[in-house]
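Letter by letter, the chains look like this.
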Amino acid sequence: MKTRYLILEDGTVFKGNAFGSELGTIGEVIFTTAMTGYQESISDPSNCSQILTFTYPMVGNYGINPDDFEAIEIALSGVVVRELAENPSNFRNQSTLNEFLTLKNIPGIEGIDTRKLTRIIRKHGSLKGTLTAAGEEVNVEETVATLKSTDIPKNVVEQVSITRPYPSPGRGKRVVLVDFGMKHGILRELNKRDCDVIVVPFNTSAKEILAMRPDGVMLSNGPGDPTDIPESIEMVKGLIGNVPIFGVCLGHQLISLASGATSFKLKFGHRGGNHPVKDLTTGRTELTSQNHGYAIDADSISNTDLEITHLALNDGTIEGVRHKKYPVFCVQFHPEGSCGPEDSTHLFDQFIELMNKESKKETSHA
């Protein structure tokens, strides 16, 4: 392997071995605590323009298979691991992680102290960083200056959302699924419940969505700052009160902002498959899969028609809300559980029940 450097905007330099693409890249350096599911994490569109660090020491040990992708196209900028498994062992394995990232033109670095890197991010917050081209010697001062002057793209949702609607037919409830960078695990859970799904781009208007006569609308996960897509906030405003809505991750943030709440950037985000969340409606604690860098300000909820339903037990941040007047609810975590535990898949059943309840109301009024 050729030498590669990971250089942070604060001047920290890590020297390791290059794998994947030989090209260099720039992105926001983040970390995930997930012990498994690296393929789902790497293919999650929510990681667009980010360099993903795995805190688990060995990555790639069960290879890459055709079944576990959350998206076909890879949106992240780079991958950082302590040790890369070069000889994976699994009956579903079809290629190594190195081969896959090479194919997708994504650079990676291995052999660095990921524990030290994680501590830096936890102390200082997420930082911009660059993975240098394989075998390239660099001037650290010039690289840091370039990093500081480089802005992380804000049009990340536009980069990962579809551009044309498509159907995923079923015989159950008609659901319009708005793709802000959707993990296909969400679509899988709706398909399991025989929903008749129409997937639409992020910039579809409320008028266009309601014209499809949906029984419900699902707002997907996605990357970046929710305030960067004001047109989507306006779309959600037009949907609230007209149709049942279920939001996940970015979808949760958009529902909250459309209802009058505000968002803020977390110091280093919530990313992993082991985050405990308390459901305030049942008192039950569930382990959840999470991948987000923004959260909703708890103080801003009091000025809205929302009520808090879920809280993160690690830091007390909001993990779910529901509307007091309309059939609208949302969670910050990933109830489809890819990758991670499936404690919260029942929320999809709750969405089906909500649509059934509203359909009965309409029938009785007819």
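Our structure is the block above this text.
Here the structure is a predicted model, which is why all the values come from computation and not from measurement.

**Some details on the pattern of salt bridges**
Here is step 1: Under the criterion given, the structure shown has 15 salt bridges.
Here is step 2: Residue Glu-22 is joined to Lys-2 by a salt bridge in which the shortest nitrogen-to-oxygen separation is 3.3 Å. Linking Glu-22 in the loop between β2 (13-20) and β3 (25-32) with Lys-2 in the segment before β1 (3-8), this pair joins segments that are 20 residues apart in sequence.
Here is step 3: The class for Glu-22 is partly exposed, based on a relative accessible area of 47%.
Here is step 4: Across the pair Arg-174 and Asp-196 runs a salt bridge whose closest N-O atoms are separated by 3.6 Å. Taken together, the residues Arg-174 in strand β11 (residues 174-179) and Asp-196 in strand β12 (residues 196-201) connect sequence positions 22 residues apart.
Here is step 5: Given the relative accessible area of 17%, Asp-196 is considered buried.

**Considering helix α8 (residues 230-239)**
Here is step 1: Of the residues making up α8, those classed as buried are Ser-232, Ile-233, Met-235, Val-236 and Leu-239. End-on view of α8: buried residues confined to an arc of 160 degrees, all on one side of the axis.
Here is step 2: Residues of α8 that are buried sit in contact with β11, α7 (206-211), β13 (216-219), β14 (245-248) and α9 (250-258).

**Focus on the packing of aromatic side chains**
Here is step 1: Scanning the model with the defined rule gives six aromatic pairs in all.
Here is step 2: With a centroid separation of 5.3 Å and an interplanar angle of 35 degrees, the aromatic rings of Phe-69 and Phe-100 are classed as tilted. Here Phe-100 lies in helix α2 (residues 97-103) and Phe-69 lies in the loop between β5 (58-59) and β6 (78-81), a separation of 31 residues in the sequence.
Here is step 3: On the basis of relative accessibility, which here comes to 22%, the residue Phe-69 falls in the partly exposed class.
Here is step 4: Look at Phe-100 and you get buried, because its relative accessible area is 7%.
Here is step 5: Between Phe-246 and Phe-348, the aromatic rings sit 5.6 Å apart at their centres with planes inclined by 75 degrees, giving edge-to-face as the arrangement. Highlighted residues: Phe-246 in strand β14 and Phe-348 in helix α11 (residues 346-365), separated in sequence by 102 residues.

Cut-offs used in this document
- Residues numbered from 1 in each chain as written.
- Predicted model: local features only at pLDDT ≥ 70, side-chain atom pairs only at ≥ 80, totals over all residues.
- Heavy atoms only, no water.
- Salt bridge = Lys/Arg side-chain N within 4 Å of Asp/Glu carboxyl O.
- Helix = DSSP H or I, 4+ residues; strand = E, 2+ residues; numbered from the N terminus.
- Buried < 20%, exposed > 50% of the residue type's maximum accessible area, 1.4 Å probe, protein only.
- Arc of directions from axis to C-beta.
- Contact = heavy atoms within 4.5 Å.
- Phe/Tyr/Trp six-rings, centres within 6.5 Å; stacked < 30°, edge-to-face > 60°.

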